[in-house]
Amino acid sequence: MSDTDVAATPPVGGMDHHVSVDPAVAVPEPRAAADGGPDMVQLLTPEGERVANPDYDAIIEALSNEDLRGLYRDLVLIRRVDQEATALQRQGELGLWASLLGQEAAQIGAGRAMRTQDHCFPGYREHGIAWARGVDPMRLIAMYRGVDKGAWDPAEFGFHPYTIVIGNQSLLGTGYAMGIQRDGAVGTDDPERDSAVIACMGDGATAQGDNNEAFVFAGVYNSPVVFFCQNNQWAISEPNERQTRAPIYKRADGFGFPGVRVDGNDVLGVYAVTTAMLDRARSGNGPSLIEAFTYRMGAHTTSDDPTKYRVSAEVEIWKLRDPIARYRRWLTSEGIADAEFFETVDREADELGEHVRSATISMADPDVSDIFDQVYVEPHRQVADDKAAFTAYADSFETAQGA
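Residues numbered from 1 in each chain as written. Predicted model: local features only at pLDDT ≥ 70, side-chain atom pairs only at ≥ 80, totals over all residues. Heavy atoms only, no water.

## Side note on the overall build of the protein chain
- Helix and strand counts for the protein chain come out as 13 helices and 7 strands.
- Computed over the C-alpha atoms, the radius of gyration of the protein chain is 22 Å, within 12% of the 22 Å expected from 2.2 N^0.38 for a compact globule of 403 residues.
- A principal-axis box enclosing the C-alpha atoms of the protein chain has dimensions of 75 × 55 × 50 Å.
- For the protein chain, the proportion of its 403 residues judged to be buried stands at 52%.
- Within the protein chain, residue pairs in contact and separated by at least 24 positions form 76% of the contacts whose partners lie at least 6 positions apart.
- Summed over its atoms, the accessible surface of the protein chain is roughly 18,300 Å², and 52% of this surface lies on carbon and sulfur atoms.
- When the 35 positive and 63 negative side-chain charges of the protein chain are each reduced to one mean point, those points stand 3 Å apart. (Helix = DSSP H or I, 4+ residues; strand = E, 2+ residues; numbered from the N terminus. Rg over C-alpha atoms; globule rule 2.2 N^0.38 Å. Buried < 20%, exposed > 50% of the residue type's maximum accessible area, 1.4 Å probe, protein only. Contact = heavy atoms within 4.5 Å. Areas by Shrake-Rupley, 256 points an atom, 1.4 Å probe, with all protein chains shown as cover. Lys, Arg positive; Asp, Glu negative; His and termini not counted. Charge placed at Lys NZ, Arg CZ, Asp CG, Glu CD.)

In structure tokens, the structure reads:
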């Protein structure tokens, strides 16, 4: 099985899906497969052909061949992590998993466009951005296994904890961006200091009040935040037409900042557009909205059965737009990567898959007392007393068992 084969999607459904509907009245209606329209930025077609764009070509031309090969490696490896995690959940090793299958290019493109000092506020499936920011994917898997609370250090990785509250990321990202402004880390022309924020959301989140309020604050205060919407066509079981009557990227107009739609399955396009919008934010020119037009190939989460609300023909069309396959075609046609490189990446993916499986199964139970460690930045006597009391309470059970 190739790591670039979308058809290798692990099976959906099973004993854990929560949808219970009479199939006689719940037959999904066919929809026309959406496309991004004439305004969509696309630098790489589904056939792997490069499309010139004077607004973004220079950004791609600045990448070395090593950088370009690195993007392919990112795409393949994070897809493998995702496939293994989905399979592990089906085997009862994870409580839940939110797959990114089909959205790898959107996330890797955005993550690699960030500078070290930038920060990302993710939702719950931004595994690709986490990978690009250096977060060990086992930390993500441990969280879904229930032995880790997402307690990586956001200051170390510029990647904040996952949040399930829909639209909440926009508020958090806007608030952090306003703090960056007040710290004087915007518009200084110092590439090592000027910072920006990416706030991630799905298409469904754009219908939330939190998202609207974040747009208001970001626009009024000219905050250095890039709202990054992965429009994967489905807000759980609701299609786009139930969320909005207008393209998502056009919502930015009403708040006084630019919106751009980019082909979310085109890693070059996403990288270039995100780079441009982050540069704009860091220079002090304010927020923007990127709509990465992509598709959720798998279930919303492993507790979902998408066959209840969408037809397989729609999925088959989007398989032809696979982000990894198109990028591989382009790398090959340009002579940037050869068969030996692809074989090396495939071997690395196999090794990573084996590591994910073995490391997941062997995970130890967590040290519950660490819930006290990230409450305040500075030491706090009340929290220290609470931790000491809890530790003594927990130790009492071991003493009693040993007696």
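## Quick word on the pairing of strand S2 (residues 197–202)
- Buried residues dominate S2, accounting for 5 of its 6 residues.
- In terms of strand pairing, strand S1 (residues 119–121) meets S2 through 3 bridges, oriented parallel. Following the sheet pairing, cysteine 120 is matched in S2 by isoleucine 198. (Pairing = 2+ DSSP bridges.)

## Notes on the nonpolar core
- Core analysis: the biggest nonpolar cluster contains 77 residues, and Leu268 and Tyr327 have the highest contact counts within it.
- Among residues more than four places away in sequence, those in contact with leucine 268 are Leu43, Leu44, Arg50, Ile60, Leu68, Leu71, Tyr327 and Trp330.
- Of all hydrophobic cores here, the second largest spans 18 residues; its members include Phe121, Val197, Ala199 and Phe257. (Core = buried A, V, L, I, M, F, W, Y, C linked by side-chain atoms within 4.5 Å.)

## Comments concerning the packing of helix H7 (residues 168–182) against helix H8 (residues 209–221)
- Orientation of H7 relative to H8, taken along the N-to-C sense of each, is 20°, at an axis distance of 7 Å. Relative to H8, the element H7 is oriented roughly parallel. The hand of the H7/H8 crossing is left-handed. Each of Asn168, Ser170, Leu171, Thr174, Met178, Gln181 and Arg182 in H7 lies in contact with H8, whose residues at this interface are Asp210, Asn211, Glu213, Ala214, Phe217, Ala218 and Tyr221. (Axes fitted to C-alpha atoms, helices over the stretch in contact; angles between N-to-C directions. Parallel < 35°, antiparallel > 145°, perpendicular 65-115°, else oblique. Left-handed = near helix turned anticlockwise from the far one by under 90°.)

## Some details on the pattern of salt bridges
- Inspection of every chain in the model, using the stated rule, returns 19 salt bridges.
- Glutamate 348 is the salt-bridge partner of arginine 73, the closest N and O atoms lying 2.5 Å from each other. Placement of arginine 73 in helix H2 (residues 65–90) and of glutamate 348 in helix H12 (residues 339–361) is noted, with a sequence separation of 275 residues between them.
- As a salt-bridge pair, arginine 139 and aspartate 148 come within 3.1 Å of each other at their nearest N and O atoms. (Salt bridge = Lys/Arg side-chain N within 4 Å of Asp/Glu carboxyl O.)

## Topic: the pairing of strand S6 (residues 259–263)
- Extensive coverage of S6 is indicated by the burial of 4 of its 5 residues.
- Sheet topology note: the S6/strand S7 (residues 288–293) ladder contains 5 bridges and is parallel. Across the sheet, glycine 259 pairs through a bridge with leucine 289, a residue of S7.

## Quick word on the packing of aromatic side chains
- Enumeration according to the criterion identifies 20 aromatic pairs in this entry.
- Both rings, one in phenylalanine 341 and one in phenylalanine 342, keep their centres 5.5 Å apart while their planes meet at 65°; by these two values the pair is edge-to-face.
- Classification of phenylalanine 341 by relative accessible area gives buried; the value is 18%.
- By relative accessible area, phenylalanine 342 is classed as buried at 3%. (Phe/Tyr/Trp six-rings, centres within 6.5 Å; stacked < 30°, edge-to-face > 60°.)

## What about the environment of glycine 179?
- The residue glycine 179 is located in helix H7 in this model.
- With 68 residues separating them along the chain, glycine 179 and glycine 111 place their C-alpha atoms 21 Å apart.

## Some words on the packing of H2 against helix H3 (residues 104–113)
- Between H2 and H3, the least distance of the axes is 10 Å, while the angle of their chain directions is 130°. Classed by the angle they form, the pair H2 and H3 counts as oblique. Crossing of H2 over H3 shows right-handed handedness. Along its contact with H2, which presents Leu71, Asp74, Leu75, Ile78 and Arg79, the element H3 presents Glu104, Ala105, Ile108 and Arg112.
- Among the residues forming the contact of H2 with H3, the class breakdown is 5 nonpolar, no polar and 4 charged. (Nonpolar A, V, L, I, M, F, W, Y, C, P; charged D, E, K, R; others polar.)

## Examining the sheet that holds S7
- Across the sheet, 5 strands lie side by side as S1-S2-S3-S7-S6; this open sheet has parallel pairing. Two strands close off the open sheet at either side, each with one partner strand: S1 and S6. Pairs of neighbouring strands in the sheet enclose a mean axial angle of 20°, with direction left out of account.
- For S2 and strand S3 (residues 225–231), the ladder comprises 6 bridges, and the chain directions are parallel. Considered in S3, the bridge of isoleucine 198 is made with valine 226.

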